[in-house]
Amino acid sequence: MNMERSLIRKEVIPFLKMFGALILSTMITDALLHQFNLVWIGRWLGIPGVILILLSFLYSMRKRKKISFGKPMTLLILHEVLTWLGALMILVHAGIHIYTILPWLALLAMLANVISGMTGKYLLERSRRYMTQKKAIYSQEGFSDDYIEKKLFWDSTTFDLMKKWRAVHLPITLAFVVLGIAHILSIFIFWEWK
Amino acid sequence: MKNKTVILIVAVNLAALILLAIFLPQLMISPGKPIDAHAELATDCFACHTPFIGSPPTKCIACHKVENIGKSTTKGLIIEDEKKNVAFHQKLIEDDCVSCHSDHKGVKAFRPISHFSHNLLEVTLQKQCDSCHNNPVDDLHRKVKGNCAQCHTQNAWMPATFGHEKLFRFDKDHDTECVTCHINNDYDNYTCYGCHEHSRSKIREEHVEEGIRDYENCTECHRSGDEDEAKRIWRSKDFNIKKLKPYEQSENKEKTHKHQYDDNNS
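Here the structure is a predicted model, which is why all the values come from computation and not from measurement.

A. Examining the overall build of chain A more closely. Within chain A, the secondary structure is distributed over 7 helices and 0 strands. Secondary structure elements of chain A, listed N to C terminal, follow the sequence α-α-α-α-α-α-α. Buried positions account for 24% of the 194 residues belonging to chain A. Restricting the contact set of chain A to residue pairs at least 6 apart, pairs at least 24 apart contribute 75%.

So this is what it looks like as structure tokens:
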């Protein structure tokens, strides 16, 4: 019973708060844009939204050793913040006008990605808690603090639970990327650029 | 299920969606059906769109010859019930169809992608508002002929700057035609000598009697037929902030005096 309560308090409630904040912020932003007759801004928010999400991939590249700069922990925080803000912008952008199927699919894929990402965030924290036990072991073995911190971070991301989560997160991301690119490309082809 | 299998299934589905978008763009990409008149173009996006550019006017003009718009259909049939007074499209300074027409019902047909600007019209036509707009039929507008720009801007009908009650209220004694006070539809100026009631001699006599010598700008104190109110304003010196010039103080004095009643013809 106590364990269940702890699960709700530590994982379910923070997850709902984070996702709820995203939806609430979207509704408030959309209402404000309508209130001040600035709906046109929503149409263009898709562009900065995509840029922020693209920047958030720095963490994914760092994890796969495609780049070597930046602290993994900092990049992960940046990944979470930028995807949240980017998703907010795209939700506001989508809330203004969606008339056809492709952008709807891209939006649904993005939302699935956000939910999956937020789940991953709490799974990662759970795995880190298990890792603290490992920390004691590494300390006893006489490794330096800096080395231990780096090792624990990567250990936590490769924890079995995270591997299972990643098996879900990656295909969803793939769907979002492909549908997003298709939507952007269709806009490039058919938009009135003059 | 192995990770690679999952990714493969997702990839196959995505490929199917992309193929649908390519071969059925009207289903996957088009923001709604085109207007009924363009129904036959529903599956031919590039009839109107040039990739990476948009819908240039040349695409529209290929069917809709500017000189025929409003006069005959694209099939050559004469349009007899055209309501506009002028051939509007022929008077545009440039061809920019999508400024006013968006075509797809999904984004509301005729809701502009950009916004119509009156600057797109030839200068002379910009002043002929009733060439395109119907005259409002309310009591005030029925009496006004032309010169809409005195109260309205080209951006929107409202807000209008006109609020007659701020200058003068129409009470039972002043239920009259605009032209009684505003001669030649000149709403920058007015005269109170436009009716028999207010003859020059009578006005002069009544004001001098009260010791008032500066009485030509009547509405400074008289905001209606209420004499008590006028006296209160005179004593407090709380005059109209926004003043119209009476003709007697305006540059139009010469041309308007001949219309006014004076001591000789009252």
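B. Structural view of the overall build of chain B. Along its length, chain B carries 10 helices and 2 strands. Ordered by position from the N terminus, the helices and strands of chain B form the series α-α-α-α-α-α-α-β-α-α-β-α. A buried classification covers 12% of the 266 residues belonging to chain B. A sequence separation of at least 24 residues applies to 56% of the contacts in chain B between residues at least 6 apart.

C. How the structure looks around the packing of helix α7 (residues 160-190) of chain A against helix α1 (residues 3-23) of chain B. The interhelical angle for the contact between α7(A) and α1(B), taken along N-to-C directions, is 15°, at an axis separation of 9 Å. Judged by the inter-axis angle, α7(A) sits roughly parallel to α1(B). Here the hand of the crossing between α7(A) and α1(B) comes out right-handed. Touching A:Ala167, A:Leu170, A:Pro171, A:Leu174, A:Ala175, A:Val178, A:Ala182 and A:Ser186 of α7(A) are B:Asn3, B:Val6, B:Ile7, B:Val10, B:Leu14, B:Ile18 and B:Ala21, all from α1(B). Looking at side-chain class alone, the contact of α7(A) with α1(B) contains 13 nonpolar, 2 polar and no charged residues.

D. Representation of the interface of chain B and chain A in the model. Opposite the 25 residues of chain B that make contact, chain A presents 21 residues. Residue assignment for the side of chain B that touches chain A shows that the elements contributing at least two residues are α1 and α2 (25-28) of chain B. When residues in the side of chain B that touches chain A are grouped by element, the largest group, 8 residues, is from α1(B). Its residues assigned to classes, the side of chain B that touches chain A comprises 18 nonpolar, 7 polar and no charged.

E. Just the nonpolar core, in detail. Within the largest apolar cluster, 28 residues are counted, with the highest numbers of intra-cluster contacts made by A:Leu102, A:Ala106, A:Ala109, A:Met110 and A:Leu179. For this core, the domains that each give at least three residues are domain 1 (1-97) and domain 2 (101-194) of chain A. Membership of the second largest hydrophobic core comes to 5 residues, among which are B:Cys181, B:Cys192, B:Tyr193 and B:Cys218.

F. Highlighting the packing of helix α5 (residues 101-140) of chain A against α7(A). Residues and elements named next belong to chain A. At a minimum axis separation of 8 Å, α5 and α7 run at an interaxial angle of 155°. As judged from the angle between their axes, α5 and α7 are roughly antiparallel. For the pair α5 and α7, the sense of crossing is left-handed. Class assignment of the residues belonging to the contact of α5 with α7 gives a composition of 18 nonpolar, 11 polar and 1 charged.

G. Focus on the environment of B:Asn217. Residue and element names in this part refer to chain B. Tracing the backbone shows Asn217 in the loop between α8 (200-209) and α9 (227-236). Assessed through the 18 C-beta atoms surrounding it within 10 Å, Asn217 is described here as partly exposed. For the pair formed by Asn217 and Tyr190, sequence separation is 27 residues and the distance between their alpha carbons is 9.4 Å.

H. How the structure looks around α7(A). For α7(A), with 31 residues, the first-to-last C-alpha span of 45 Å sits near the 45 Å given by 1.5 Å per residue. The axis of α7(A) is deflected most strongly, by about 25°, at A:Arg166. Looking only at α7(A), the buried set comprises A:Trp165, A:Pro171, A:Thr173, A:Ala175, A:Phe176, A:Val178, A:Leu179, A:Gly180, A:Ala182, A:His183, A:Ser186 and A:Phe190. On the buried face of α7(A), the contacting elements are α5 of chain A together with α1 of chain B.

I. Region of interest: the confidence of the model for chain A. Mean pLDDT for chain A: 85, with 92% of residues reaching 70 or above. Between the elements of chain A, mean pLDDT differs from a low of 75, seen in helix α6 (residues 145-157) of chain A, to a high of 92, seen in helix α3 (residues 46-63) of chain A.

J. Quick look at the environment of A:Gly180. As for its position among the elements, A:Gly180 is in helix α7. Sequence separation of A:Gly180 and A:Leu107 is 73 residues, and the distance between their C-alpha atoms is 7.9 Å.

K. Fine view of the confidence of the model for chain B. All names here are of chain B. Summarising the model, chain B shows a mean pLDDT of 78, and 81% of its residues fall at 70 or more. The least confident element of chain B is helix α10 (residues 253-257), whose mean pLDDT is 39; the most confident is helix α3 (residues 57-61), at 92. Across residues 252-266, where pLDDT falls below 50, the model places 25 contacts with residues more than four positions away in sequence or in other chains. Interface confidence for the predicted complex, given as ipTM, is 0.73, next to a pTM of 0.65.

What counts as what
Residues numbered from 1 in each chain as written. Chains lettered and ligands numbered in written order. Predicted model: local features only at pLDDT ≥ 70, side-chain atom pairs only at ≥ 80, totals over all residues. Helix = DSSP H or I, 4+ residues; strand = E, 2+ residues; numbered from the N terminus. Buried ≥ 20, exposed ≤ 12 C-beta atoms within 10 Å, placed from the backbone. Contact = placed C-beta atoms within 7 Å. Axes fitted to C-alpha atoms, helices over the stretch in contact; angles between N-to-C directions. Parallel < 35°, antiparallel > 145°, perpendicular 65-115°, else oblique. Left-handed = near helix turned anticlockwise from the far one by under 90°. Nonpolar A, V, L, I, M, F, W, Y, C, P; charged D, E, K, R; others polar. Core = buried A, V, L, I, M, F, W, Y, C linked by C-beta atoms within 7 Å. Domains from an automatic or database assignment. Expected span 1.5 Å × (residues − 1). Bend = angle between axes of the 7 residues up to and from the residue. pLDDT = per-residue confidence, 0-100.

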